[in-house]
Amino acid sequence: MLRADRKSRILGRPAPRTARDARPSFEARAPRAARALRNRKAPGSSFGGGLRFNPFARFGGTDWSKVRLYGVGCMFALLWVLLWSRAWYVQVYDGERLAGLARRQHMAAETVSGRRGAILDRNGQILARSVEVRSVYVRPGEVRDVDSTVNALAAALEAPAKQVRDAVVAKRGFSWVARKVDDLAAENVRKASLPGVYLTSEYERIYPFKQMAGQLLGFVGMESKGLEGIELAFEEVLSGDSARNVVQRDAAGRRLDMDGGAGRASLRGRDVRLTIDTQVQFFAEEALARSVDQFDASWGGCLVVDVDSGDILAWAQYPFFNPNAYRDYKADRWRNRLAADALEPGSTLKPFLVAAALQEGVVKGDTSFNCEKGRWKTRYITIRDTHSYDVLPVNKVLRYSSNIGMAKIGLELGSKRYWEYLSQLGFGDRTGLPITESKGILRDPRHWSEPDLITTSFGQSIAATGVQMAQAYLTLANGGERKPLRLIVDSGDDTPANSASQKVYNDKTVKQVISMLREVVEEDGTGTRARIPGIMVGGKTGTAQKADETGRYGHERLASFVGFAPIDRPKYLILVMVDEPQKNSYGGVVAAPVFKHVAMRTMAYHGLLPDAPDPEAPTYATPMGKTGPVEVRREVAEAVREAPDGVPNVVGKSVRRAVEVFARQGMVPVLKGVGQTVIRQTPEPGAEWPKGQPAGQCVLWLSENS
């Protein structure tokens, strides 16, 4: 401060009062620089002299860190504006288009169908079911490399390359490559991870028992729609419901099951339970196949019916049809002929004519008819029998199946009354079963001529299906009251439309006809090959001529047999039809043994077959139940007839059995004719045994019964 004052005094200026005032000025410290600065003209200014504008002058002109900070801030602000602008563009301006692309990639609308219901037998055995399988499809627009995709798919699926290429290059957004492939092929496709190639789930119909009841069950097509049989008849029940849903898929195109499968489970179709018993079905198919093959027939059918309930336990047809490979068969193999084909029944229709004549009082049990020695020429036609018969009572007309005797009974009854009974039995109308069936042929009686009445009396000029014949015989087995057949276990809505109870024959008539049917088998009738040891059975054979393409009767025949087991209180009704057998055409030879085999095994399966009798033990009358009537077994009746008081009746017996009977008396009979059954004998039954006479006095005539 002293120095400042001293200097001030020297320069002649007043001394500064403060330290700031004491600081020398810019001009004082740099007089030349200050003058130069004042005289310099700033670039870009409109005036000369003075200081140039410097925005960073306040920072001293040297603080570059702040400059950089402001620069980075401006850059981030600009980027922030750009990002928000892009977001606005994507979400607002282009949002709808992009959302659509996303939905197409990850979301898809599809029709979801529930799993098809199963078909079960009466015991819960699965006859048809649906299993989930994989199918391969492609979206051609998403395929990147056509050649590599085609080669990879062809190798994975073991399919022709041309077929795969056609699907890959198709001009559409979706194309099937392979439907319902096996697990190995599906896994190969999945591992390949080909762009544009996807797997989806479908259902395939499986029939675990293969050909069992194949024609009855029918089959489904590629889209799991019923095409034949039960599958077609119950399409609405089995197929369940379907819904149009939006499903989510991952990047590989696989469906994401967000609800754990609950949605599809709720759409599942209902099951259908049949009255069929797989075990009885097996018995029928086995016996039927053996007979058809043995006699070189074209086709065979067999129905087994539980009489008490009307339930169909077996529906067999041969040759077999396997629904698992329906494409390998022609249409005639999957045709359900027992319901769809109406054929002339032949002699199996005769019991209904006899029952109608007895009911109307036209004939009685002891009424006899002249059978004209096997040939009868009317005004219009000539009728022949297979054997030469003279005068026969009604029961023997049926027992020996005389066409001439039946024609005369039919003429006594008349067209109108006969037609009424046939109509009440269900001929000319569908049975009401939930399947596709024919109505058959039963013309109005006003159009019947005398030849029509005559031929209808022994089963021609009328056509019926197998189920119609079973329905009619069920009426006899049920005491004359018509009862509907059942194929579906109670479901609440499957009752046949024609199920109303109707009394066709009275009890007395039914007992008489049932007794005659017993004679057909247990006596010397045409159905002796249907006999079952220990059980009395009955039935009727049939050997019907078949018309050819010209409408005339040719050489082909329909061999058939319908019977009851047991006959006194029918439990089972069994119908057998063998079409166009070549080696033998008689129903008693071709069809009756099938009845025997099926009846024996069915009754044994249900515990109703008695033990085989001991030939060394005496045979007694055996009660069939605690409260049921006592039945005399067939062995007892034969023992009585073969008593040594006279010549026994061996007509209708096998050759071996007849020879044994005669051999017990020391007689060796002479056999004449060809066949396995005795049709006539000498001496007559009941006559005294010839004494001291040559063996030639005992003669047995043989033949094959019709």
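Report follows, based on the coordinates. For clarity, every value in this text was computed on a predicted model and none was experimentally measured.

**Here we look at the packing of helix α17 (residues 350-359) against helix α23 (residues 507-522)**
Following both chains from N to C, one finds α17 and α23 inclined at 145°, their axes separated by 9 Å at the closest point. Note on packing geometry: the crossing formed by α17 with α23 is right-handed. Taken together, the residues of α23 that come into contact with α17 (itself represented by P351, V354, A355, L358 and Q359) are T509, Q512, V513, M516 and L517. Residues belonging to the contact of α17 with α23 are distributed by class as follows: 7 nonpolar, 3 polar and no charged.

**Quick notes on α17**
The buried fraction of α17 amounts to 9 of the 10 residues, a majority that puts the element mostly inside the structure. A positive backbone phi angle near 75° is found at G361, which sits one or two residues after α17.

**Re the pattern of salt bridges**
On inspection of all chains with the given rule, the structure shows 32 salt bridges. For E420, the salt bridge is made with K416, and the minimal N-O distance between the two is 2.6 Å. With E420 and K416 both in helix α20 (residues 415-424), this residue pair falls 4 residues apart, about one helical turn. With a relative accessible area of 54%, K416 lands in the exposed category. Here K546 ties to E580 by a salt bridge, and the two come within 3.1 Å at their closest N and O atoms. A residue pair is termed long-range when its members are at least 10 positions apart, and K546 in strand β17 (residues 538-547) and E580 in the loop between β19 (572-579) and α24 (587-590) qualify at 34 residues.

**Topic: the pairing of strand β3 (residues 126-138)**
Every regular strand shows the same layout, with side chains that alternate between the two sheet faces. Examined bridge by bridge, strand β2 (residues 119-120) and β3 share 2 bridges and lie antiparallel to one another. The residue of β3 that forms the bridge with I119 is A128. Here β2 hands over to β3 after 5 residues, with G124 in that stretch at a positive phi of 90°. As judged from the 10 bridges shared by β3 and strand β5 (residues 197-206), these two strands associate in the antiparallel manner. Bridge pairing in β5 places R129 opposite I206. Note: β3 against strand β4 (residues 175-181), 4 bridges, orientation antiparallel.

**Examining the packing of helix α14 (residues 278-294) against helix α25 (residues 592-605)**
Two elements in contact, α14 and α25, have axes separated by 9 Å at closest approach and are oriented at 160°. With respect to their mutual orientation, α14 and α25 come out roughly antiparallel. As α14 runs across α25, the sense of the crossing is right-handed. Residues Q279, V280, F282, F283, A284, E286, A287, L288, R290 and S291 of α14 pack against V594, H597, V598, R601, T602 and Y605 of α25. Broken down by class, the residue content of the contact of α14 with α25 amounts to 9 nonpolar, 4 polar and 3 charged.

**Here we look at α20**
Regarding α20, the residues found buried are S415, Y418, Y421 and L422. Burial along α20 is one-sided: seen end-on, the buried residues are contained in an arc of 135°. At the C-terminal side of α20, G426 shows a positive phi close to 105°.

**Here we look at the environment of G440**
As for its position among the elements, G440 is in the loop between α20 and α21 (450-457). Here the alpha-carbon distance between G440 and L343, two residues 97 residues apart in the chain, equals 7.8 Å.

**Focus on the sheet that holds β17**
Pairing is antiparallel across the open sheet formed by 5 strands, whose spatial order is β10-β9-β19-β18-β17. With one partner strand each, in any of the chains shown, β10 (312-318) and β17 form the two edges of the open sheet. Neighbouring strand axes in the sheet, compared pairwise and without regard to direction, differ in orientation by 10° on average. Across 9 bridges, the pairing between β17 and strand β18 (residues 553-565) is antiparallel. Within the sheet, the bridge partner assigned to K540 lies in β18 and is V562. In the packing of α14 onto the sheet, the strands contacted are β9 (299-306), β10 and β19, and the crossing angle to β10 comes to about 30°.

**Description of the packing of aromatic side chains**
Counted by the stated rule, this structure contains 21 aromatic pairs. Note on Y418 and W448: the rings are 6.3 Å apart at their centroids and 80° apart in plane angle, and the pair reads as edge-to-face. Placement of the pair is Y418 in helix α20 and W448 in the loop between α20 and α21, with a sequence separation of 30 residues. Using a relative accessible area of 1% as the deciding quantity, one classes Y418 as buried. Three or more aromatic residues joined by ring pairs form one cluster here, namely F219, F321, Y326, Y329 and W334. One cation-aromatic arrangement involves R139 over Y198; the distance from NZ or CZ to the ring centre is 4.6 Å. The aromatic ring of W176 is capped on one face by R179, whose charged end is 4.3 Å from the ring centroid.

The rules behind these values
- Residues numbered from 1 in each chain as written.
- Predicted model: local features only at pLDDT ≥ 70, side-chain atom pairs only at ≥ 80, totals over all residues.
- Heavy atoms only, no water.
- Axes fitted to C-alpha atoms, helices over the stretch in contact; angles between N-to-C directions.
- Helix = DSSP H or I, 4+ residues; strand = E, 2+ residues; numbered from the N terminus.
- Left-handed = near helix turned anticlockwise from the far one by under 90°.
- Contact = heavy atoms within 4.5 Å.
- Nonpolar A, V, L, I, M, F, W, Y, C, P; charged D, E, K, R; others polar.
- Buried < 20%, exposed > 50% of the residue type's maximum accessible area, 1.4 Å probe, protein only.
- Salt bridge = Lys/Arg side-chain N within 4 Å of Asp/Glu carboxyl O.
- Pairing = 2+ DSSP bridges.
- Parallel < 35°, antiparallel > 145°, perpendicular 65-115°, else oblique.
- Arc of directions from axis to C-beta.
- Phe/Tyr/Trp six-rings, centres within 6.5 Å; stacked < 30°, edge-to-face > 60°.
- Lys NZ or Arg CZ within 6 Å of the ring centre and 35° of its normal.

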